[in-house]
Amino acid sequence: MNNLDVLIWVAFPYAAAASFFIGHIIRYRYDQYGWTSRSSQTYENKWLRWGSPLFHYGMLAVIAGHIIGLLIPREWLDFIGIDDHIYHLGATWLGTAAAAITVIGMILLLIRRGAVKRVFKVTTTMDVVMYVFLFATIAFGTLAVVQFQVLGAGYDYRGSVSPWIRSLILMQPNVALMAGVPLAFQLHVITATALFAIWPFTRLIHVLSVPIWYLFRPYVVYRSRDKHLGARKPRPGWERSVRPGQNEWAEYPHKEKV
Amino acid sequence: MRVMAQMSMVMNLDKCIGCHTCSVTCKQTWTNREGVEYVWFNNVETRPGLGYPKRYEDQEQWKGGWVRTKRGRLKLKSGGRLKKLATIFSNPDLPTIDDYYEPWTYDYDMLTKAPQTKAGPVARPKSLITGENMDIKWSGNWDDNLGGSQETAHEDPILAHMSDHVRMEFENTFMFYLPRICEHCLNPSCVSACPSGAMYKREEDGIVLVDQDACRGWRMCVSSCPYKKVYFNHKTNKAEKCTLCYPLIEQGKPTICSETCVGRLRYLGLMLYDADRVLEAASVEDEHELLDAQRSVLLDPFDPEVIATAKAGGMADDWIEAAQASPIYKLIHDYQVALPLHPEYRTMPMVWYIPPLSPVVDIISNTGNDGEEIRNLFAAIDKLRIPVEYLAGLFTAGDVAPIEKSLKKLAAMRSYMRDINLGNPANENIANSVGMSGEQIEAMYRLLAIAKYEDRYVIPKAHVESAQDLEDFACSLNTDGGPGMGGPGETGGLRKTGRRVPGTPVAATVESFHSLKNLTDPSEPGEGRMNLLNWDGKGITNGMFPPPAVAGGTA
Ligand code: HEM
Ligand code: SF4
Ligand code: SF4
């Protein structure tokens, strides 16, 4: 274990986590107006119709797989009857299928970004940066699975990468666990960590607002009129001018209606 | 019963001249920004025609509004909640920009900067989305005045439902304009489809709005509105829609489209409705019964029980009075001439229309007959199936009876009033033939034909009680009819005596429907200056000119 290892497998992940959480909080507090899926469907629909669902469904399956493989200890799965063999089969084949769907979807989305003029025009620098890391993460991840799980004898990341992540979560980082991990896995982890670090500053913020509660609310939403005057809320530094003898221009206690 | 108030609109289509002033002033106010170049909160369509966006009325294609399931419940036509979430990654029913039109500008620079050449320079159209040269193929009103309709009119979804022979004949017989804004529905499918709950209906006045901070750009509202009146801002990636100019409405002023309407055909006022019965009414099985179902949800503002319930729910007295004075209530309930647009979408729209009689009159006149004679008119309404059926396709889910009834009332009004205008004795029989009295016909005539500003717009101010008081330095006794009535109030810090209260700035508030009268009532003598910004453009008001100099007096 040298300093570089500590930097990569301890400092960097914690910094990324801090950036991820603090970034989301700051953006949530100060940039509600900028918080959106940035849908480009009104520009182009033919590619998106296939690319986006393939990518997203694949991605959701991949995320589910990561939760099972990384966060849930092997013993717990054993306990409910999923032993190493079943796990390996499932992870390899379901995982490969999910990866394939994700990659196909992402390739369609990337072609669309580049080839459809309207979409290309609205692509920001941050979109490019995000796609670089997203693409790298997915590419290294897929490479690792194909190289070791499909073609190779199988690499037991549940004995190294998974406990390493849990050690980070439990605030008892164990750097040694990552030492012997194959390069493809290491690169996958590093690019993913970087992706998390920039996450809240990219279009990926939309993931946090999955509207699950839509399933449970009444159809029609009623809301009371804002109590302030005019179209916008008073903002700090923009208080309404005050007339002599009158103080709280900006706040009107909502008196009872006659 | 849960009594709620709804700010509603009626448009009298007979008077629309298709000038698009409403669209333009609306655009200047709300959508003259990047990202919403293609957006028209108010648009005016020529019918028959495709509308904007193209063929928006074909719900088999766009899946807007609600459907009634076999079990009698309402479901979004585009699918239930789970399906909405499952298709969130790519909305299968979303119109693309081409279904509206690709917005463009012209390369005006070329006109002044081009070097001298044999041929004159041209300003080529440039796409506002890609910046490239483009061919203009469609726009918001491409088939205006039936332009190019021989190519496109057969695609009109309403015409498509009618027979072939109708389709061929149509163009020669019938044309009118249909101005459209958001319907501010009682059962809005846009609100119901919004996964983030960012869209809402305001409790106080029923205006449907998008919370720009809460919208996450899932763009489900855009496709779920059957009128396609929610738009996607492709710059901010948030949904935007007609706001019914709520900042004006809150001050008791009409919307921009109404205020600037050249035909003066728009009416604004409150309707009280029973929020508890909306869903039930929207779910009736027979589409032809939706009109009556919706009428039954709208409450009688004079009914003591309704008033008591409204008050118990916190509704202010002046709001109830406004509902009683509402021109909308008269047109929908008393005269029953106004009809909702596409009730079959089951969203319970609240912008209603008085169907146009003029095309019928024109047809009679073109044949050399008297187009205002009541028998001719009635016969034409009965015989001219094409216009009536077409109008039924728009306003009554295909039921011709209410259309005929409405048109006949308008016809009776024309004939009845013609006699009076020509100095002949009024013919009460004409009024009776449509189930009205001469008096009622004359009242309807005043509302529809004379259409005074203060009769068209009866808009109570929003209640921000203390703010209004402070702003206008109003006296607490300064209520309608109270001893302090007619104080400085809305005339902009002016006392009726004309003296400005020293130190008071001219208040920012402007006319409410009470003060409109004060402002324009020439019977009130007054001196003092008036604030021209508050002038409604009609007539000479107090204080507009200095008092006439007394002869021999000093200047
Ligand atoms: C379940 C939660 C999610 C929802 C509801 C969701 C929804 C959406 C929507 C509506 C769009 C816009 C598509 C359009 O242009 O119309 C989008 C785009 C996108 N999403 Fe998601 N998403 C989710 C999760 C994710 C995740 C987990 C990732 C990746 C880690 C992701 C990555 C992206 C990317 C990269 C785009 C841009 C696609 C493009 O136009 O190039 N999303 N998402
Ligand atoms: S017309 Fe207006 S209120 Fe009705 S569904 Fe469409 S956007 Fe919503
Ligand atoms: S301004 Fe009035 S008359 Fe002109 S198009 Fe609009 S609704 Fe019709």
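Residues numbered from 1 in each chain as written. Chains lettered and ligands numbered in written order. Predicted model: local features only at pLDDT ≥ 70, side-chain atom pairs only at ≥ 80, totals over all residues. Heavy atoms only, no water.

A.B. asks: Looking at this model, I keep getting lost on the overall build of chain A. Mind explaining?
C.D. replies: Within chain A one finds eight helices and one strand. Order of helices (α) and strands (β) in chain A, N terminus to C terminus: α-α-α-α-α-α-α-α-β. Counting all 258 residues of chain A, 40% fall into the buried class. Considering only intrachain contacts with a sequence separation of at least 6, the fraction spanning at least 24 residues in chain A is 76%. Accessible surface computed for chain A: about 14,900 Å², of which carbon and sulfur atoms make up 71%. (Helix = DSSP H or I, 4+ residues; strand = E, 2+ residues; numbered from the N terminus. Buried < 20%, exposed > 50% of the residue type's maximum accessible area, 1.4 Å probe, protein only. Contact = heavy atoms within 4.5 Å. Areas by Shrake-Rupley, 256 points an atom, 1.4 Å probe, with all protein chains shown as cover.)

A.B. asks: Would you explain the interface of chain A and chain B in this entry?
C.D. replies: Many descriptions give the size of an interface as the accessible area lost when the pieces come together. Between chain A and chain B, the contact holds 54 residues from the first and 72 residues from the second. Contact with chain B buries area across many residues of chain A, yet Tyr 219, Arg 223 and Arg 225 of chain A alone supply 14% of it, more than any other trio. In this assembly, chain A and chain B are joined by five salt bridges. Among the ionic pairs, Asp 211 of chain B bridges to Arg 223 of chain A, the shortest N-O distance being 3.0 Å. Linking chain A to chain B there are 31 residue pairs in polar contact (both at pLDDT 80 or more). Counting only elements with at least two residues in the side of chain A that touches chain B, the list comes to helix 2 (46-71), helix 5 (117-121) and strand 1 (222-223) of chain A. (Buried area = accessible area lost by both parts, 1.4 Å probe. Salt bridge = Lys/Arg side-chain N within 4 Å of Asp/Glu carboxyl O. Polar contact = N/O pair within 3.5 Å; in protein donor to acceptor, adjacent residues only side chain to side chain.)

A.B. asks: Quick question: what am I supposed to make of the site of ligand 3 here?
C.D. replies: Residues in close proximity to ligand 3 total 14 residues, the closest being Cys 16, Cys 19, His 20, Cys 22 and Cys 261 of chain B. Residues that form the shell around ligand 3 fall into these classes: nine nonpolar, four polar and one charged. (Near = heavy atom within 4 Å. Nonpolar A, V, L, I, M, F, W, Y, C, P; charged D, E, K, R; others polar.)

A.B. asks: Is there a simple way to explain the confidence of the model for chain B in this structure?
C.D. replies: All names here are of chain B. For chain B, the mean per-residue pLDDT works out to 85, and 82% of the residues sit at or above 70. In the predicted structure, residues 466-528 sits below a pLDDT of 50 and forms 115 contacts with residues beyond four places in sequence or in another chain. With a pTM of 0.85, the predicted complex shows an ipTM of 0.87. (pLDDT = per-residue confidence, 0-100.)

A.B. asks: Is there a simple way to explain the coordination of the iron atom of ligand 1 in this structure?
C.D. replies: Think of it this way: four donors in a tetrahedron around the metal ideally sit 109.5 degrees apart, and six in an octahedron ideally sit 90 or 180 degrees apart. Residues and elements named next belong to chain A. Those protein atoms acting as donors to the iron atom of ligand 1 are His 56 (NE2) and His 206 (NE2), and they sit at 1.9 to 2.0 Å. Coordination geometry of the iron atom of ligand 1: the six donor atoms subtend angles of 87 to 179° at the metal centre, consistent with an arrangement described as octahedral. With His 56 in helix 2 and His 206 in the loop between helix 8 (183-198) and strand 1, this residue pair connects regions lying 150 residues apart in the sequence. An identical accessibility class is assigned to His 56 and His 206; each is buried. (Donors = N, O, S within 2.8 Å, 3.2 Å for Na, K, Ca; no water. Tetrahedral: all angles 85-135°; square planar, octahedral: opposite > 155°, others 65-115°.)

A.B. asks: Just checking my understanding: could you explain unusual backbone geometry for this structure?
C.D. replies: The phi torsion of most residues other than glycine is negative, and most of the peptide bonds are trans. All names here are of chain B. A cis geometry characterises the amide bond from Arg 47 onward to Pro 48, with omega recorded as 0°. Considering the arrangement of structural elements, one finds Pro 48 in the loop between strand 2 (43-47) and helix 2 (59-62). Omega for the peptide link from Tyr 52 to Pro 53 comes to -5°, which places this bond in the cis form. Topologically, Pro 53 is positioned in the loop between strand 2 and helix 2. For Arg 264, which is not a glycine, the phi torsion comes out positive at approximately 50°. Considering the arrangement of structural elements, one finds Arg 264 in the loop between helix 12 (256-260) and strand 12 (266-274).

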